[in-house]
Amino acid sequence: MNKQSNLYTIIYIVILVAVVGAALSITALSLKPLQTDNANADKMKQILASVHIVAENSDVKSTFNQYIKEQYIINPAGTATPGNAFEINVAQQVKLPIEKRQMPLYVCELQNGETKYIIPMYGGGLWGPIWGYVSIDANGSTVYGAYFAHQGETPGLGAEIEKPAFSTQFEGKNFFKDNRFQPISVLKAGTKPYAGEDYVDAISGGTITSKGVESMINNTITGYEKFLESVKSTKQQ
Amino acid sequence: MAIQNKNLLTLFNPVSKDNPVIVQILGICSCLAVTAKLEPACVMGVSVIAVLAFANVIISLIRKTIPTNIRIIVQLVVVAGLVVIVNQLLTAYQYDVSKQLSVFVSLIVTNCILMGRLEAFAMANKPWPSFLDGIGNGIGYALILIIVAFFRELLGSGTLWGVQVIPQIWYDHGYANNGLMILPPMALIVTGCIIWIHRSYNKDLQE
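Residues numbered from 1 in each chain as written. Chains lettered and ligands numbered in written order. Predicted model: local features only at pLDDT ≥ 70, side-chain atom pairs only at ≥ 80, totals over all residues. Heavy atoms only, no water.

Brief notes about the overall build of chain A
Turning to step 1, where the next piece is worked out: On a plain count of helices and strands, chain A comes out with six helices and ten strands.
Turning to step 2, where the next piece is worked out: Here chain A holds 237 residues, and the buried ones make up 46% of them.
Turning to step 3, where the next piece is worked out: Put simply, of all contacts in chain A between residues at least 6 apart along the chain, 52% involve residues at least 24 apart.
Turning to step 4, where the next piece is worked out: A total accessible area of about 11,800 Å² is found for chain A, and carbon and sulfur atoms account for 56% of it. (Helix = DSSP H or I, 4+ residues; strand = E, 2+ residues; numbered from the N terminus. Buried < 20%, exposed > 50% of the residue type's maximum accessible area, 1.4 Å probe, protein only. Contact = heavy atoms within 4.5 Å. Areas by Shrake-Rupley, 256 points an atom, 1.4 Å probe, with all protein chains shown as cover.)

Comments concerning the environment of Asp201 of chain A
All names here are of chain A.
Turning to step 1, where the next piece is worked out: Relative to the helices and strands, Asp201 is located in strand β10 (residues 199-201).
Turning to step 2, where the next piece is worked out: We classify Asp201 as partly exposed; its relative accessible area is 34%.
Turning to step 3, where the next piece is worked out: For Asp201 and Leu187, which are 14 residues apart along the polypeptide, the C-alpha to C-alpha distance reads 5.2 Å.
Turning to step 4, where the next piece is worked out: Ignoring sequence-local partners within four residues, the contact set of Asp201 consists of Phe166, Gln169, Val186, Leu187 and Ala189.

A word on the nonpolar core
Turning to step 1, where the next piece is worked out: Judged by nonpolar contacts, the single largest core of 48 residues is most densely connected at Val21, Met44 and Ile59 of chain B.
Turning to step 2, where the next piece is worked out: Sorting the residues of this core by element identifies α1 (6-49) of chain A together with α2 (28-33), α3 (38-61), α4 (71-93), α5 (95-109), α6 (112-120), α7 (127-157) and α9 (184-201) of chain B as the ones contributing at least two each.
Turning to step 3, where the next piece is worked out: With eight residues, the top contributor of residues to this core is α3 of chain B.
Turning to step 4, where the next piece is worked out: The contacts of Ile59 of chain B, once residues within four sequence positions are left out, are Ile66, Val74, Gln75, Val78, Leu118, Ala122 and Met123 of chain B.
Turning to step 5, where the next piece is worked out: If you look at the next biggest cluster of nonpolar residues, it comprises 34 residues, including Ile74, Ala146, Ile217 and Val231 of chain A. (Core = buried A, V, L, I, M, F, W, Y, C linked by side-chain atoms within 4.5 Å.)

Concerning the packing of aromatic side chains
Turning to step 1, where the next piece is worked out: On inspection of all chains with the given rule, the structure shows twelve aromatic pairs over all chains.
Turning to step 2, where the next piece is worked out: Judged by centre distance (5.6 Å) and plane angle (75°), the rings of Phe166 of chain A and Phe170 of chain A are edge-to-face. As far as burial versus exposure is concerned, Phe166 of chain A and Phe170 of chain A are alike and both buried.
Turning to step 3, where the next piece is worked out: Aromatic pair Trp170 of chain B and Tyr175 of chain B: ring centres 5.6 Å apart, planes at 75°, arrangement edge-to-face.
Turning to step 4, where the next piece is worked out: The class for Trp170 of chain B is partly exposed, based on a relative accessible area of 46%.
Turning to step 5, where the next piece is worked out: Put simply, the rings of Phe64, Phe86 and Tyr106 of chain A pair up and form one aromatic cluster.
Turning to step 6, where the next piece is worked out: Sitting over the face of the ring of Phe176 of chain A, Lys232 of chain A holds its NZ or CZ atom 4.8 Å from the ring centroid. (Phe/Tyr/Trp six-rings, centres within 6.5 Å; stacked < 30°, edge-to-face > 60°. Lys NZ or Arg CZ within 6 Å of the ring centre and 35° of its normal.)

Regarding the pairing of strand β4 (residues 115-124) of chain A
Residue and element names in this part refer to chain A.
Turning to step 1, where the next piece is worked out: With seven of ten residues buried, β4 lies mostly within the body of the structure.
Turning to step 2, where the next piece is worked out: In this sheet, β4 lies alongside strand β3 (residues 103-109) in antiparallel orientation, the contact comprising four bridges. From the neighbouring strand, Val107 faces β4, where its bridge partner is Tyr117.
Turning to step 3, where the next piece is worked out: Hairpin remark: β3 followed by β4, antiparallel, with five residues in the connecting loop; positive phi at Gly113, about 90°. (Pairing = 2+ DSSP bridges.)

Thoughts on the sheet that holds β4 of chain A
Sheet strands associate in pairs through backbone hydrogen bonding, adopting either a parallel or an antiparallel arrangement.
Residues and elements named next belong to chain A.
Turning to step 1, where the next piece is worked out: Within the open sheet, the six strands sit side by side as β2-β1-β3-β4-β5-β6. Their pairing is antiparallel. Here the strands that pair on one side only, and so sit at the sheet edges, are β2 (80-82) and β6 (143-150). Going across the sheet, the axis of each strand differs from the next one's by a mean of 30°, ignoring polarity.
Turning to step 2, where the next piece is worked out: Along the sheet, α1 makes contact with β1 (68-74), β3, β4, β5 (129-136) and β6, crossing β5 at roughly 45°.
Turning to step 3, where the next piece is worked out: On top of the sheet, helix α5 (residues 207-222) reaches β3, β4, β5 and β6; it is set at about 125° to β4, its chief contact. (Axes fitted to C-alpha atoms, helices over the stretch in contact; angles between N-to-C directions.)

Comments concerning the interface of chain A and chain B
Turning to step 1, where the next piece is worked out: If you look at the interface, chain A gives 30 residues, while chain B gives 31 residues.
Turning to step 2, where the next piece is worked out: Across the interface of chain A and chain B, roughly 2,400 Å² is buried in total on both sides, 62% from carbon and sulfur atoms.
Turning to step 3, where the next piece is worked out: Contact with chain B buries surface across chain A, with Tyr12, Gln35 and Pro155 of chain A losing the most and accounting together for 20% of the total.
Turning to step 4, where the next piece is worked out: Put simply, chain A and chain B have one salt bridge between them. (Buried area = accessible area lost by both parts, 1.4 Å probe. Salt bridge = Lys/Arg side-chain N within 4 Å of Asp/Glu carboxyl O.)

Things to note about a positive patch on the surface
Turning to step 1, where the next piece is worked out: A cluster of basic residues, Lys3 of chain A together with Lys6, Lys64 and Lys126 of chain B, forms a positive patch at the surface.
Turning to step 2, where the next piece is worked out: Tracing the chain through its elements places Lys3 of chain A in the segment before α1.
Turning to step 3, where the next piece is worked out: Judged by its relative accessible area of 34%, Lys3 of chain A falls in the partly exposed class. (Patch = residues over 30% accessible without salt bridge, like charges linked within 9 Å, V, L, I, M, F, W, Y side chains within 5 Å. Lys, Arg positive; Asp, Glu negative; His and termini not counted. Charge placed at Lys NZ, Arg CZ, Asp CG, Glu CD.)

Details of α6 of chain B
Residues and elements named next belong to chain B.
Turning to step 1, where the next piece is worked out: The complete set of buried residues in α6 reads Ile113, Leu114, Arg117 and Leu118. The buried residues of α6 occupy an angular sector of 125° when the element is viewed end-on, so they sit on one face.
Turning to step 2, where the next piece is worked out: Put simply, Asn111 is the residue that caps the front of α6, since its side-chain oxygen is 3.0 Å from the backbone nitrogen of Ile113. (Arc of directions from axis to C-beta. Polar contact = N/O pair within 3.5 Å; in protein donor to acceptor, adjacent residues only side chain to side chain.)

Some remarks on the packing of α3 of chain B against α6 of chain B
Residue and element names in this part refer to chain B.
Turning to step 1, where the next piece is worked out: Two elements in contact, α3 and α6, have axes separated by 10 Å at closest approach and are oriented at 30°. With respect to each other, α3 and α6 are oriented roughly parallel. Crossing of α3 against α6: the hand is right-handed. Contacts from Val51, Leu52, Ala55, Asn56 and Ile59 in α3 reach Ile113, Leu114, Arg117 and Leu118 in α6.
Turning to step 2, where the next piece is worked out: Residues of the contact of α3 with α6, tallied by class, amount to seven nonpolar, one polar and one charged. (Parallel < 35°, antiparallel > 145°, perpendicular 65-115°, else oblique. Left-handed = near helix turned anticlockwise from the far one by under 90°. Nonpolar A, V, L, I, M, F, W, Y, C, P; charged D, E, K, R; others polar.)

Notes on the pattern of salt bridges
Turning to step 1, where the next piece is worked out: In the structure shown here, the tally under the stated rule is eight salt bridges over all chains.
Turning to step 2, where the next piece is worked out: The residue Lys116 of chain A makes a salt bridge to Glu114 of chain A at a minimum N-O spacing of 2.7 Å.
Turning to step 3, where the next piece is worked out: Residue class for Glu114 of chain A comes out partly exposed when judged on its relative accessible area of 38%.
Turning to step 4, where the next piece is worked out: Of the charged contacts in the structure, one is a salt bridge between Glu160 of chain A and Lys37 of chain B, with a shortest N-O distance of 3.0 Å. Within this pair, whereas Glu160 of chain A is found in the loop between β6 and α4 (164-167), its partner Lys37 of chain B is found in the loop between α2 and α3, the two belonging to separate chains.

Encoded structure:
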């Protein structure tokens, strides 16, 4: 058969694509359950990481259930309805206008009996999505811990947001300053915040990712403003 | 004996004399992107070795059936398919590794070394030599990545594999990490220095 003929070429490429396509779909379908499990376990690990709990791969689920006592769905008015927060797609919610959002909230009870509120965040970095979890003390303002992750930020630059060196800076910072709600800023070293809010240092060489973190915090936490306010006022009474 | 020597040459030549990065100047793009830290550089090196070896074998097996005018497309389909399958397997069985690899896996598809080796070697050779050629070129690539990443991480962050190696006392006496080292241009300069040293030892490579 003439290997240079058009017919041969067309048949060849059709068969090749069919074979490769079949191989890809079989791999994708057969591995799907395992991948979903892994992704869920990873999400649980990330949530726990924001309250400084390291879960082993083997018992992520039980550790998660042990610490995360309640899950709520928060509406923009600040009302918390019990619900399956884990199933909520934060990526979709943060794209909606604030008054339409249904945001997830995890309530964690530490071994010493302290209650922490864990808020998921989602936004965009330089190359792709960035996300994270921030845990807030029972006073509704002070950050207890934070965890950041990214899909494909530049290694050594923007990707440094996932390092403790960056995330530990958030600990002890407040979302309420002078009784006003002010999301934490991410600033270039040496600059001062405009409105006197709490701030952390940005990553050198990772300007766009750092700005992404800032706008992610701004955008996501604003959806919880009313809720945090109500937590804060009940605490003060 | 002669055949064995030829195979050995196929395996080891790309490590130094015919190194894909510093002699053929291929794969420079990923060399700049992933060498700010030692760990991703190693992971990238290992994944390129694996994908290159298998892609070489597959292309070599079907080389006689490939129509000449669409051979690049065929190579691309094979490489892309392979990379996606590897990625799927990693997400299912090695989730932590796959998270580290995320962006690098897609970089492998566009790595010029792959297309170069498939086109120049696998299309004209039997599977076994092609396999060795893939391994050899992969090692040659990984080696340069690791050397570059070693210097960039050491001088840029003061760490190696994420572990602090520059003692705190140096910093107390005014030593500072070189911020330029973690930026991509420095990878090019370090690679350039490696090429310089390599060529001054290998006079026959000088032009």
